[in-house]
Amino acid sequence: MVAPAFLGFCVSPTAVQGQGHQLLLRPEASWDVAVYESATICGWVMAWNTFIAGDTLINGVVYARFGVHPVADSDGPPFCPPGYYVTPATTIANLCLREDTVASLVFQYDHVLQSDRLLYDYNLELGDTIHNYFDFDQLGWPPTPTIVVALDSVQLNDGVFHRRWGLSTTLWGEIAHDYIEGVGSTFGLTHLVPQYYGDGSHLWCYKRNGVDVLWSVHYCPLPGALGLDDRVEATSGMAPALQVAPDGRFGLIADTPMHVMIHATDGRIVLRQRLVPGLQYATGTIPPGVFTYTLSGSGGQYGTGRFVLME
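Per chain, the residues get numbers from 1 upward, laid out in the order the sequence is written. This being a predicted model, a pLDDT of at least 70 is required before a residue's local features are given, and a value of 80 or more before pairs of side-chain atoms are given or counted; all residues contribute to the totals for chains, interfaces and linings. To obtain the side-chain values, all non-hydrogen atoms of the structure were used and water was disregarded.

**Observations concerning the sheet that holds strand β16 (residues 241-244)**
Inference 1: Each pair of strands is called paired provided DSSP finds at least two bridges between the two strands. Counting from the N terminus, the helices are DSSP H or I runs at least four residues long and the strands are E runs at least two residues long. In spatial order, the strands read β16-β17-β20; together these three strands make up an open sheet with antiparallel pairing. The sheet is open, and its two edges are formed by β16 and β20 (280-281), each paired on a single side.
Inference 2: One ladder, built from four bridges, connects β16 with strand β17 (residues 250-253); its direction is antiparallel. Looking across to β17, one finds that Gln243 is bridged to Gly251.

Right, here's the structure in full:
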């Protein structure tokens, strides 16, 4: 039996744990964010990596200003991950944030109104209502309140607990989403509009110093996976790959054990497991469909591919 897919954090559902204010604006942090559109063949249409490019002074106040690296598909075009890497090209964005660690608030500077807008409030309690969490007014939509419906803690891959707020918005029926102190929201570093039945921005991966700290509900490169320009072939001269039989059993073609991450076309992780060459594995409860996979191992071995499971 295969091991079930899992997210990269532990949940504390009954008690809210914390170790003081968890900083959002860390110079070593970065966010991989992607846009999903269900009407397209693959679903994912574009992605980018956001990072702090430096400080800027606005009206005598210091803000962190952000830059963006484009994200490319390892097998593209077209853009259809998994198997993606961050390119070195850089664009300096107009996104400017500041953090009040005493009041536990994060502000975003509005360049049009020339004033601060509250982005995150780490003081909210269960049942509180936020009237301007999303930018509905800027999009010409009716104001829609956002309500705190859950409050718990999650333990990230660094072992530290961070508070998490579960939110609900009723623009298109109930839309559940959340934000984590020191990380950001379901949609990435910021939150412009809620997802429309899954379409919209998704946080793929939150990293510090290039190391994955939070696995998103979709995916991000496995720890140690190399960028496209840095990858090397297996020592045998053949790139690592999965061999999938018609009955769904699969095996690893490689010289050494590797980790595999298998995704459905909508980005869900359906399997994450360590594989050993020469052994056969069952797909278990994975339903029929089209899937992509990413392999990573020691020594820089890396492989990606696609396969189909039939009824």
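**Observations concerning the pattern of salt bridges**
Inference 1: The term salt bridge refers to a side-chain nitrogen of Lys or Arg lying within 4 Å of a carboxyl oxygen of Asp or Glu. Counted under the stated rule, the structure contains five salt bridges.
Inference 2: Between Arg164 and Asp152 there is a salt bridge, and its shortest N-O distance comes to 2.9 Å. Taken together, the residues span a long stretch of sequence, with Arg164 in strand β11 (residues 161-169) and Asp152 in strand β10 (residues 146-155) at a distance of twelve residues.
Inference 3: Relative accessibility decides the category of a residue: with a 1.4 Å probe and only protein chains considered, values under 20% of the type maximum give buried, values over 50% give exposed, and everything between is partly exposed. Residue classification places Arg164 among the buried positions, given a relative accessible area of 14%.
Inference 4: Arg163 is paired through a salt bridge with Glu181; the nearest N and O atoms lie 3.0 Å apart. Of the two residues, Arg163 sits in strand β11 while Glu181 sits in the loop between β12 (175-180) and β13 (184-185), which places them 18 residues apart along the sequence.
Inference 5: On the accessibility criterion, Arg163 (22% relative accessible area) is partly exposed.

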